[in-house]
Number of protein chains: 2
Amino acid sequence: MLDNTILLDVLQGKPVERPPIWIMRQAGRILPEYRALRGSLSGFIELVTTPDLAAEVTIQPVDRLGVDAAIIFSDILVIPECMGLHYEMVEKQGPYFPETIKSEQDIIALDTGMSAASKLTYVFDAVQETKKRLENRVPLIGFSGAPWTLMCYMVEGKGSKTFSKAKSLLYKHPNLAHLLLEKITATVIEYLKLKVKAGVDVVQVFDSWAGVLDRTTYNEFSLPYIKQIINALKDDVPTIAFAKGAYFSLQDIIEIESNAVGLDWTMDVEGIREVFGPDRVLQGNLDPCVLYGSNESIAQRVLEQHELFGKNHIFNLGHGVYPDTPLDNVITFVNSVKDLRH
Amino acid sequence: MLDNTILLDVLQGKPVERPPIWIMRQAGRILPEYRALRGSLSGFIELVTTPDLAAEVTIQPVDRLGVDAAIIFSDILVIPECMGLHYEMVEKQGPYFPETIKSEQDIIALDTGMSAASKLTYVFDAVQETKKRLENRVPLIGFSGAPWTLMCYMVEGKGSKTFSKAKSLLYKHPNLAHLLLEKITATVIEYLKLKVKAGVDVVQVFDSWAGVLDRTTYNEFSLPYIKQIINALKDDVPTIAFAKGAYFSLQDIIEIESNAVGLDWTMDVEGIREVFGPDRVLQGNLDPCVLYGSNESIAQRVLEQHELFGKNHIFNLGHGVYPDTPLDNVITFVNSVKDLRH
C-alpha cells in the first residue's frame, strides 16, 4: 500500500483534503543533483537506457520537491526506436532520426505491437528499480507519446515549427497515415501494458503536437488512437490524457474515457469547467512562466487556480517546467498547493 | 482609381460578387522568379532595404497568381532596427539580434515614435515604387508586427519555442514590459501612418506570437496596444488585425475596431461565426498544409470554407504559405476562389 494516495484518490473520485501536485519534467535540469549526474554522462540516451540512473533521477524530485507522484524518467521516442527507427539526441538541438518514414514500404517495414514493445527492457527494468527505491512513498506514473505526436517525429526526423511534412502525409496519403498510426497505436498499447506489469500506478498519454492540427484533422488522425489506448488501459490503472494546444477539439476530448484530462495554460479555466462540468478531473494548467515571478505572485496564482478549478483537480503546469526556472520558485509552487484545503 | 476593388469593398462592407483572395507570404519562395532574384543577392536584408527589388518581388505574385491584393515585401523587424536594435538574418536559422533588451536602461535608450519610424525611408520608397509599378491594378497592403510579437524578438534576440525570456519579463517586471510595449506602439503607429502616406491602401497588424500567452496576459500586454494602433489608423485606411493562436481571447478581440479579423487554421469556423456574428469581416483560415493535397481536395476545401464563412470573408491561409508548396496548387487555390459566386 502506498503512503501517499492523494493522486490516485482524486483520479478514482475519492474525497481528498487538498489537490495533489506533480510537475511535468520535474525530473530534470531544474534540480542541481540532476545536472550533476547528467554532466557525468555521455548523453541523454545513456540516462534513458540505464535503469539504475533512470531510477535515480526519477526519485530526485520526490526527495527534493515533495511532489505527490514520481514520473518515470524516459523519452517518448523509445517507441519509434523499438519499431525500428533509430534516433539520436543532439545536444542543444533535440532528437534526430537518420532515417525517416518516406513511403508505404517504410511503414510496412516497421515492427509493431508486442514484438516491438517487448524490446524496451531498459524501461521496464527502470520502472521496477524505481518502484523498489520509492518504498511505496508515492505512486509512479508511466507515459507514452500519442500516436500523432510520435508520427510527427518519425516523418520529420526532428522537431519542426510547422510539422508540415507530417501534416502533408495526412492530406496527400491519408490511408498511409492511418496505417502508420495503427502500427504506432498497437505498439503503444503493449508498451504501456508492460509498464503497468512492471509496476507503474498511473499512465499518461502526451499529445505534444496536437496543436498543429485543426478540429477536422485532429478528430480523424489523433483522437481515435488516443481513445484506443485509453480504452485498452483503463481497466488496469487510472489514465490521464493530455492534448497540448487542442482547444479546438475540447468538445470531442470530453469523450475520451480517461480518469483525467490534462490542460495547457492557454485553456481558460472558466470556459473549461463549463465544457467539462464540475466532476471531471482536470490536470494543469499553470503557465510555466508564472514560476519566474515572485514567491507572492506564485502563491497568489495557486489560490486563484484552486478557486477556479475547485475539487477534482490535479495541480501541474500546462507544459514541462522550463530548465532555467529557479528551484526555490518550484518549491514555493509545491508548498503553496500543499497548504490548500478543500 | 483601382481596377480591382474587391478587397477594399469587402473591408468597407460593400456588396461583392465573390470573396477576395490574397495569401500571406505570397511574395516569396513559392515563386521561381523570387528564388531566382533572391539567389542573386547577398541576403534577405538586401532585398528588404532596396526599394526597387522590394517592389519587384511585391508585384511578382500579382502577375503570377492573380491575387486581389499585393502586400509590400518587408520585414516586421525593421521596427526594432529603427528603434536602435540592429538585427541580422542568419540563413536557414532566422533573425538574430547581437544586442537584446535586458534592463530598464536598455529600454530607455531605445528611440521611439516619429524619430525612429522616419528612418525607414527604404520601406516608404519601396511602397511608392510599388504603387507606381502596380498601375492601379490591385490595392497594396502595408503591415506591422504587433508590439508583443516585436517585444518577443527584442528580448529573446531570436526565435524561440517558448519565448520564456520575454514572458518572464511580463511576470517579473510588468512595468518595464509596459514601458517597452508603449515605445514600440508609438513607433508602429508613426511607421504605419508613413506607410499610408507613401501609398498603402490597407494595413494589417500581425501578432505572430499571441499564442504563447494566455487570456489574462494577452489582454493586459498585447490586446490594448493593438487596439491603440488600429484606432490611430482606422480613419486613414481599412485595417486588419491578426492574432495567431489567440483563440483564448476571441471574445476580447471582437472589440478591436479593425475592418477585419484574421484567423489561423486552428480556429473552428462554425464556432467563430457564432462569436463574431455574420457581419464581421473575417480573413483566413485555410491550413497551409491543405495546399499539399490534390487539386480536387483544394477546390473542395475552398467550397466548404465558402459555405461556412459566407459573405464578409477574405480568403487567405491561416499562416504564411510554406515555401515548399507546389506553385500549381497555390494557383488552384486562387482560381477556385475566383470561381465562387455569392
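Given the structure is predicted, the values throughout are model-derived calculations rather than measurements. (Residues numbered from 1 in each chain as written. Chains lettered and ligands numbered in written order. Predicted model: local features only at pLDDT ≥ 70, side-chain atom pairs only at ≥ 80, totals over all residues.)

### Things to note about the overall build of chain A
Per the secondary structure count, chain A includes 17 helices and nine strands. On C-alpha atoms alone, chain A measures out to a radius of gyration of 19 Å, which is about the 20 Å that the 2.2 N^0.38 rule sets for 342 residues. If one aligns the C-alpha atoms of chain A with their principal axes, the spans along those axes are about 55 × 45 × 35 Å. Within chain A, the proportion of its 342 residues that are buried is 54%. Taking as baseline every contact in chain A between residues at least 6 positions apart, the subset at least 24 positions apart corresponds to 75%. (Helix = DSSP H or I, 4+ residues; strand = E, 2+ residues; numbered from the N terminus. Rg over C-alpha atoms; globule rule 2.2 N^0.38 Å. Buried ≥ 20, exposed ≤ 12 C-beta atoms within 10 Å, placed from the backbone. Contact = placed C-beta atoms within 7 Å.)

### Some remarks on the interface of chain A and chain B
Taken together, the contact between chain A and chain B spans 21 residues of the former and 21 residues of the latter. Of all the elements, helix H10 (residues 164–172) of chain A adds the most residues to the side of chain A that touches chain B, at five residues. Among the residues forming the side of chain A that touches chain B, the class breakdown is eight nonpolar, seven polar and six charged. (Nonpolar A, V, L, I, M, F, W, Y, C, P; charged D, E, K, R; others polar.)

### Concerning the sheet that holds strand S4 (residues 140–145) of chain B
Residue and element names in this part refer to chain B. Taken together, seven strands build an open sheet; the order of strands is S1-S4-S5-S6-S7-S8-S9 and the sheet is parallel. Of all strands in the sheet, those bounded by a partner on one side alone are strand S1 (70–71) and strand S9 (313–314). Pairing between strand S7 (residues 260–262) and strand S8 (residues 281–283): three bridges, direction parallel. Bridge pairing links Ala260 to Val281 in S8. The strands touched by helix H8 (residues 121–134) are S1 and S4; relative to S4, the strand with the most contacts, the crossing angle is about 155°. (Pairing = 2+ DSSP bridges. Axes fitted to C-alpha atoms, helices over the stretch in contact; angles between N-to-C directions.)

### Structural notes on the nonpolar core
Soluble globular proteins: nonpolar side chains tend toward being buried together. Of all hydrophobic cores here, the largest spans 243 residues; its most connected members are Met151(A) and Met151(B). Excluding residues that lie within four positions of it along the chain, Met151(A) makes contacts with Ala166(A), Leu180(A), Leu181(A) and Ile184(A). (Core = buried A, V, L, I, M, F, W, Y, C linked by C-beta atoms within 7 Å.)

### Points about the relation of the copies chain A and chain B
Placing chain A over chain B gives an RMSD of 0.0 Å and needs a rotation angle of 180°, together with 0.0 Å of translation along the axis. Between the two chains, the operation in question is that of a two-fold axis. A symmetric contact is evident, with 100% of the interface residues of chain A recurring at the interface of chain B. (Least-squares fit on C-alpha atoms with pLDDT ≥ 70 in both.)

### Comments concerning the sheet that holds strand S1 (residues 70–71) of chain A
Residue and element names in this part refer to chain A. Pairing is parallel in the open sheet, where seven strands are placed in the order S1-S4-S5-S6-S7-S8-S9. Since the sheet does not close on itself, it has two edges, and those belong to S1 and strand S9 (313–314), each with one partner. Where strand S5 (residues 202–207) lies against strand S6 (residues 239–243), five bridges are found, and the strand directions are parallel. Residue pairing for S6: Gln204 is matched across the bridge by Ile240.

### Considering the environment of Tyr292(A)
By the secondary structure assignment, Tyr292(A) is in the loop between strand S8 (281–283) and helix H16 (295–309). Overall, the presence of 22 C-beta atoms within 10 Å leaves Tyr292(A) in the buried class. Counting along the chain gives 38 residues from Tyr292(A) to Val330(A), while the straight-line C-alpha distance between them is 9.2 Å. Beyond its immediate stretch of four places on either side in the chain, Tyr292(A) contacts Thr325(A), Ser168(B), Tyr171(B) and Lys172(B).

### With respect to the pairing of strand S4 (residues 140–145) of chain A
Residues and elements named next belong to chain A. Most of S4 sits out of view: six of its six residues are buried. Burial along S4 is two-sided: the face carrying Leu140, Gly142 and Ser144 and the face carrying Ile141, Phe143 and Gly145 are both buried. With two bridges joining them, S1 and S4 adopt parallel strand pairing. Paired with Ala70 across the bridge in S4 is Leu140.

### Remarks on the environment of Leu194(A)
All names here are of chain A. Assignment of secondary structure puts Leu194 in helix H11 (residues 174–198). The partly exposed category is assigned to Leu194, around which 19 C-beta atoms lie within 10 Å. Taking the C-alpha atoms as reference points, Leu194 and Ala117, 77 residues apart in sequence, are found 8.0 Å from one another.

### A short note on the pairing of S4(B)
Across five bridges, S4(B) lies against strand S5 (residues 202–207) of chain B in parallel orientation. If you follow Gly142(B) over to S5(B), its bridge partner there is Val203(B).

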